[in-house]
Amino acid sequence: MKKVVSSIIIACSALAMSAAPSILSLKHSISDNSITYPESFETDTHKMLQDWYLQNYTVLDTNFGNSQPLNATDEVYIKRLSTLPTTIEMPYNQIVRSYINMYTQRKRELVEAMLGMSLYYMPIFEQALERHGVPLELRYLPVIESALNPDAVSKAGATGLWQFMLPTARGLGMEISTLVDERRDPYASSEAAAVYLKQLYGMYGDWSLAIAAYNCGPGNVNKALRRAGMEDKKDKDFWSIYYFLPQETRGYVPAFIAANYVMTYYNQHGISPALAKRPLITDSVHVGKRVHFNQISQVLNIPIEEIRVLNPQYRHDIIPGDVRPYSLVLPSMQVYSYIMSEDSIVGHDATLYARRSVVEPTSLDELDASGEFTTKLVVKTHKVKRGETLSGIAKKYGVSVSDLKKWNRLRKNSVPRGRNLKINTYERVYVGRKPAPETESKPDVVAENSSNSTDTGATMAESPSNAKPESIAALSTEKTVPAAAPAAPKKEKSKSKSVASSSKKKGGFTNHKVRHGESLYRIAKAKGTTVEAIRKANGISGSNIREGQILKIPR
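What counts, and at which threshold
Residues numbered from 1 in each chain as written. Predicted model: local features only at pLDDT ≥ 70, side-chain atom pairs only at ≥ 80, totals over all residues. Heavy atoms only, no water. Helix = DSSP H or I, 4+ residues; strand = E, 2+ residues; numbered from the N terminus. Expected span 1.5 Å × (residues − 1). Bend = angle between axes of the 7 residues up to and from the residue. Buried < 20%, exposed > 50% of the residue type's maximum accessible area, 1.4 Å probe, protein only. Contact = heavy atoms within 4.5 Å. Polar contact = N/O pair within 3.5 Å; in protein donor to acceptor, adjacent residues only side chain to side chain. Salt bridge = Lys/Arg side-chain N within 4 Å of Asp/Glu carboxyl O. Core = buried A, V, L, I, M, F, W, Y, C linked by side-chain atoms within 4.5 Å. pLDDT = per-residue confidence, 0-100.

Undergrad: So, helix H7 (residues 108-131): which residues are in play, and what are the values?
TA: With 24 residues, H7 should cover 34 Å at 1.5 Å per step; its first-to-last C-alpha distance of 32 Å lies within 8% of that length. Where H7 bends most, the angle comes to about 55°, and this point is Ser118. By the criterion of burial, H7 is predominantly enclosed, with 17 of the 24 residues buried. Just downstream of H7, Gly133 is the residue with a positive phi angle, here 70°.

Listed below in structure tokens is the structure:
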């Protein structure tokens, strides 16, 4: 009886082992009908092909221009993947094939563009990976992460060639500010990626799990391992926890395998490789001064697009070298030109790019003394977003709902999303004071009088002690004659006063909105007029004014 029971147990165990697929067989037989492709597959290929580097440094091999997509059998795919010189395992299954088909059939132009960009970026990736002792096949991770676009930003906010999230990037020591984002820097981000991938491999001891954790984070991988019961097993890998991973991560390792395949065997599918039109040899220099790309471009006669391609980490074309020294990558021959011409570069249009370190605000009294304010109509356009209402939009711009409906010819209080609304707003704008009319003058008369007085003074200055009494009397007589002459300038002065007063009367009024705590005396003193003049202009008998009241101020 015992023999029969033991035989039954052995048979059941064998049946269970044959029914449950092993990890080795699972990675080759797994399938998925709901595949989510990476965001890099949505890259605007046409825009990417207009990249300055592709236009100026590469050319497509025309021998493959008219080739049609070439399909291969599963056996051919398996053989090609197995012959790739890689440390990381490259198994084949139907999921991997779907990604290979996507690259070789529907995204052929994207592959052509990436092959062109790889001429510049792949050596940078390989140097960083080699320095940290990680497999070189990881250089194709940016292919699926960003399609080799340093300015790529995912819907979740991951940025750069290696698609780092902000907390992860800062944890790896990368600088992210308004002016500098090292996630876009090919050199800094490649160093950080190599360090991070090495850390992840140290956690799991398997490259497929490390690559999955790079995409969704170690927390999600650890959760999948626990749910799959593989946490303490030595033979754990990506395929053993495939169905327990987030859906977008399930296709990450298959996409990585497909990227290695297509970047190696593109010629077997008639995809045109990009050839180097001329070599781009670069070097770097440390910049210790604040410099704008336009200054470098105009002095060294380098296209600003080339500076941007080589230095994508500077988000606003500004190198803040006054904060700390930053690296600037240029064509190698131009590096020496920069070193020799740095002072000329920094001084070129310096006032245009200078920053003020100390600023004193202009007082209202100074503005009022030097000019006037006017109210100007400004028409703005607001695109209605999801969840917005007319009342909320009206409150945002300080207008009424009825005006908003009137300006846009709306009958209902609801407005569809995406519609552009016209909004009339008023802004207070400072304008210069109009020049006062010039007063008439008679320079000839004034000059004549001044010369007469000077001659008289000179005559009186001649040794009066030696002068005779008759001459002294004559002098005194002559002195009384020109004494009446200065009456003419007095008339001119009164005439100019009358002209100025008449021009002041013609000047009209300026408006002043009463602010909290102001009085008629204070306003009159600030505006250079009198309290009585303000009262007369506004029909005020007393001194009571209220905040927000508009007063006419005589000019």
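The rest of the description comes next.
Undergrad: Lay out the environment of His512 in plain terms, naming residues and giving numbers.
TA: Inspection of the secondary structure puts His512 in strand E9 (residues 509-513). Distance in space between the C-alpha atoms of His512 and Gln549 is 8.1 Å, their sequence separation being 37 residues. Beyond its immediate chain neighbours, meaning those up to four positions away, His512 contacts Glu518, Ile523, Lys527, Gln549, Ile550, Leu551 and Ile553. Reaching out from His512, the side chain makes a polar contact with the side chain of Glu518 at a distance of 3.0 Å.

Undergrad: Which residues make up the environment of Val309, and what values go with them?
TA: The residue Val309 is located in helix H16 (residues 304-310) in this model. For Val309, a relative accessible area of 15% puts it in the buried group. The residues touching Val309, leaving out its near neighbours within four places in the chain, are Trp52, Tyr53 and Tyr121.

Undergrad: For the side chain of Asn260, give the residues involved together with the corresponding values.
TA: The residue Asn260 is located in helix H14 (residues 252-265) in this model. Among the polar contacts made by the side chain of Asn260, one reaches the main-chain carbonyl oxygen of Phe256 at a distance of 3.0 Å. When sequence neighbours within four positions are dropped, the list of residues in contact with Asn260 reads Leu84, Met90, Glu137 and Tyr140.

Undergrad: Describe the side chain of Glu306, naming the residues involved and giving the relevant values.
TA: The topology assignment puts Glu306 in helix H16. Not counting residues up to four positions away in its chain, the partners in contact with Glu306 are Trp52, Tyr57, Leu280 and Pro331.

Undergrad: Hey, could you go over the pattern of salt bridges for me, with residue numbers and the actual values?
TA: Using the criterion set out here, one finds 14 salt bridges in the structure. Arg131 is paired through a salt bridge with Glu191; the nearest N and O atoms lie 2.2 Å apart. In this pair, Arg131 is assigned in helix H7 and Glu191 in helix H10 (residues 186-204), connecting sequence segments 60 residues apart. Judged by its relative accessible area of 56%, Arg131 is exposed. Taking relative accessible area as the criterion, Glu191 reaches 23% and is therefore assigned partly exposed. For the salt bridge of Glu532 with Arg535, the shortest nitrogen-to-oxygen distance reads 3.7 Å. Here Glu532 and its partner Arg535 are both found in helix H26 (residues 531-538), three residues apart, which amounts to about one turn of the helix. Assessed through its relative accessible area of 53%, Glu532 is described here as exposed. One connected set of salt bridges, linked through shared partners, spans Asp151, Asp181, Arg183 and Arg184.

Undergrad: Give a description of the nonpolar core that names residues and reports values.
TA: The biggest cluster of nonpolar side chains holds 82 residues, and the ones touching the most others in it are Leu138 and Val221. The element contributing the most residues to this core is H7, with twelve residues. Sequence-distant contacts of Val221, defined by excluding residues within four places in its chain, comprise Tyr204, Leu209, Ala212, Ala213, Cys216, Ile241 and Leu245. In terms of nonpolar packing, the next biggest core, distinct from the first, is built from 20 residues, Leu300, Ile318, Ile319 and Val335 among them.

Undergrad: Kindly report on the confidence of the model for the protein, identifying the contributing residues and their values.
TA: When the pLDDT values of the protein are averaged, the result is 80; 74% of them are 70 or greater. Under a pLDDT of 50 for its full length, residues 8-24 has, in the predicted model, four contacts with residues more than four places off or in other chains. Taken together, the stretch residues 441-506 has pLDDT below 50 and engages in 17 contacts with residues farther than four places along the chain or on a different chain.

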